[in-house]
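Breakdown of the fold
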Amino acid sequence: MNESTGKSGNIIVGLDIGTTKVAALVGEISDQGQLNVVGMGSHPSLGLKKGVVVDIESTVISIRRAVEAAENETGYKIRSVYAGIAGSHVRSMNSSGVVSIRDGEVSRADVDRVIDSARAVEIPPDERILHVVPQEYTINSQSGVKEPLGMSGVRLEARAHLVTCAVNAMQNIEKCIRRCGLEIEQLVLEQLASAEAVLTRDERELGVCLVDIGGGTTDIAIFTQDALQYTGVIPIAGDQVTSDIATALRTPRQNADELKIRHGSALVQQLAQPEDTIEVPSVGERAPRELSLQSLAEVVEPRYEELFSLIQQQLANSGMENLLAAGIVLTGGSSRIPGAVELGEEVLHEPVRVGTPQNVKGRADIVSNPIHSTGVGLLLYGMKDCEEQGHGVERQEEKPQTSGVLESTRRFFRRFV
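**Some thoughts on the overall build of the protein**
Each helix and strand counted, the protein has 13 helices and 21 strands in total. Across the 417 residues that make up the protein, the buried fraction comes to 52%.

**Quick look at helix α1 (residues 56–74)**
Helix length check: α1, at 19 residues, gives a terminal C-alpha distance of 27 Å against a target of 27 Å (1.5 Å per residue), a fit within 8%. Listing the buried residues of α1 in full gives S58, T59, V60, S62, I63, A66, V67, A70, E71 and T74.

**Quick look at the environment of A166**
With respect to the helices, strands and loops of the structure, A166 is situated in strand β12 (residues 155–166). For A166, a relative accessible area of 15% corresponds to the buried category. In sequence terms A166 and R91 are 75 residues apart; their C-alpha atoms lie 8.8 Å from each other. With sequence-adjacent residues up to four places away left out, A166 is seen in contact with H89, D126 and E127.

**Let's talk about the sheet that holds strand β14 (residues 208–213)**
Ordered by their spatial adjacency, five strands build an open sheet running β16-β15-β14-β19-β20, and the pairing between neighbours is mixed. Both edges of this open sheet fall to β16 (227–234) and β20 (352–354), since each of them pairs with a single strand only. Strand-to-strand twist across the sheet, computed as the mean angle between neighbouring axes with direction ignored, equals 20 degrees. In this sheet, strand β15 (residues 218–224) lies alongside β14 in antiparallel orientation, the contact comprising six bridges. When the sheet's bridge partners are listed, V208 is paired in β15 with F223. Contacts between helix α9 (residues 293–318) and the sheet are confined to β14, β15, β16 and β19 (328–331), with β16 contributing the most and set at about 140 degrees to the helix.

**Side note on the layout of surface pockets**
Each pocket or cavity is described by its volume, and for the largest pocket that value is around 1700 Å³. Contributing to the lining of the largest pocket are 44 residues, with V133, P134, E196, K384 and E388 lying nearest its centre. Among the elements of the structure, α2 (108–118), β10 (127–139), α4 (190–198), α5 (201–206), β16 and α12 (373–389) are those that each provide at least two residues to the lining of the largest pocket. Ranked by residue count, the leading element in the lining of the largest pocket is β10, at nine residues. Here the lining of the largest pocket is built from residues that sort into 21 nonpolar, eight polar and 15 charged. Taken as a whole, the second largest pocket holds about 720 Å³ of empty space. Around the second largest pocket sit 38 residues that line it, and T20, G214, G215, G333 and S334 are the ones nearest its centre. Listed by contribution, the elements that provide at least two residues to the lining of the second largest pocket are β2 (11–17), β14, α6 (238–249), α7 (253–263) and α12. Considering each element in turn, the lining of the second largest pocket owes the most residues, five residues, to α7. In terms of residue class, the lining of the second largest pocket is built from ten nonpolar, 17 polar and eleven charged.

**Examining empty space enclosed by the protein**
Tallying each qualifying case throughout the model produces one cavity of 30 Å³ or more. By volume, the largest cavity amounts to about 40 Å³. Contributing to the lining of the largest cavity are I213, I236, A237, V241, R303, Y304 and L307. Across the lining of the largest cavity, the residue classes break down as six nonpolar, no polar and one charged.

**Digging into the pairing of β14**
Here β14 lies mainly inside the structure; six of its six residues are buried. Of the two faces of β14, the one carrying V208, L210 and D212 and the one carrying C209, V211 and I213 are both buried. Linkage of β14 to β15, two consecutive antiparallel strands, is achieved through a turn of four residues. Sheet topology places β14 next to β19; four bridges connect them, and they run parallel.

**Side note on the nonpolar core**
One finds L15, I63 and I177 to be the most contacted residues of the largest nonpolar core, which totals 66 residues. Ranked by the residues each element gives to this core, the list is headed by α12, at seven residues. Residues in contact with I63, not counting those within four places in the same chain, are L15, I17, V22, C176, I177, C180 and L182. Residues V211, I213, V241 and A256 belong to the second largest nonpolar core, which totals 38 residues.

**Thoughts on the pairing of β2**
Of all the seven residues making up β2, seven are buried; the element is thus mostly covered by neighbouring parts of the structure. Alternating residues of β2 divide into I11, V13, L15 and I17 and I12, G14 and D16, and every residue in both groups is buried. Of the strand pairs in this sheet, β2 and strand β3 (residues 21–29) are connected by seven bridges, and their pairing is antiparallel. Paired with G14 across the strands is L25, a residue of β3. Two elements, β2 and strand β8 (residues 80–85), share two bridges in a ladder whose sense is parallel. Along β8, the bridge assignment pairs G14 with Y82.

Rules used throughout
- Residues numbered from 1 in each chain as written.
- Predicted model: local features only at pLDDT ≥ 70, side-chain atom pairs only at ≥ 80, totals over all residues.
- Heavy atoms only, no water.
- Helix = DSSP H or I, 4+ residues; strand = E, 2+ residues; numbered from the N terminus.
- Buried < 20%, exposed > 50% of the residue type's maximum accessible area, 1.4 Å probe, protein only.
- Expected span 1.5 Å × (residues − 1).
- Contact = heavy atoms within 4.5 Å.
- Pairing = 2+ DSSP bridges.
- Axes fitted to C-alpha atoms, helices over the stretch in contact; angles between N-to-C directions.
- 1 Å grid on protein atoms, 1.4 Å probe; cavity = no way out; pocket = protein on both sides within 12 Å on 5 of 7 lines; lining within 4 Å.
- Points joined across faces, edges and corners; volume = space filled by probe spheres on them.
- Nonpolar A, V, L, I, M, F, W, Y, C, P; charged D, E, K, R; others polar.
- Core = buried A, V, L, I, M, F, W, Y, C linked by side-chain atoms within 4.5 Å.

Here it is, written out as structure tokens:
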């Protein structure tokens, strides 16, 4: 088995810890800098609620089994990961900082100092800054600068988007990952990762709202002028739809989720015909019942309509609802339901599309599925992080095949390295 870490060798690993599933994605980086998704391990998420750990032991089991499945499929030993974090505890704000340019020309030290100045804001003691994402720089009176390094001036100002999260939520995620014997390269806001995977440069430049509809939460990120301007979280997503179906149709939750995935529709009249019927399992030992598809759609559509109304409210709160020339991009597992795009356009009065990962190669069932947008985005984020740190991603040498006894001996001593 080849050894890999989250960033060294030619391998990057993304760990998507969601409310409904934990997925560990493994990506190989080619000599040309192309990401190739070579495998994935997945396991139902048993210890999270709305993106937050509520049962450490169950979460550890889910992570461990997802990672083991990824290792078995790819033949790599995973030692560290880029992991996603989400939940209603995540908050954001815009901030600015200003410093003097020491030698008349902007250096890396000047940029670091102005970013530190922008992040020097007062936050509650139970929160921690997760990301400081630069939006633009101003040198003297010249604004709109994207890359200030090497430019001349005496005064450097930075505008940045700050993302904070609850300390206990972050620590619980970190604890679960480390208890699986893994190191954490970085915790990454999930909608930031998804944006790396599904948004185009033109969309980010013109103005776009990413809506990642997961199991426990719907995560929002707004970009204009190729910079992150706003992030938000709505505590309604696919799990609420499943609960509604289970309650309204009086069927076990597992069966409700299967009905949603196989037959669900966000539009009653257009997509669900009255004569079409489905078999609905009953609770206990009662016999299954036959119901119309419209009965199912009449449960699903109001929940999606409510979700899009809450998204519209978030856009109004951001003050950027009139700046989205590229419209809305839906992604995440719950974006795949038929009728979501049409209903979204009807409620939001914006063009809507479903976003799948772009500019990556590999297994089609992964790279063409919006349910894996966050996982693929974590790989892309990790690759970009390596490039920005300047060390790149070096290719590992293949380990020679060894005899069973020799390999067992090496595995024994490796535990103590």
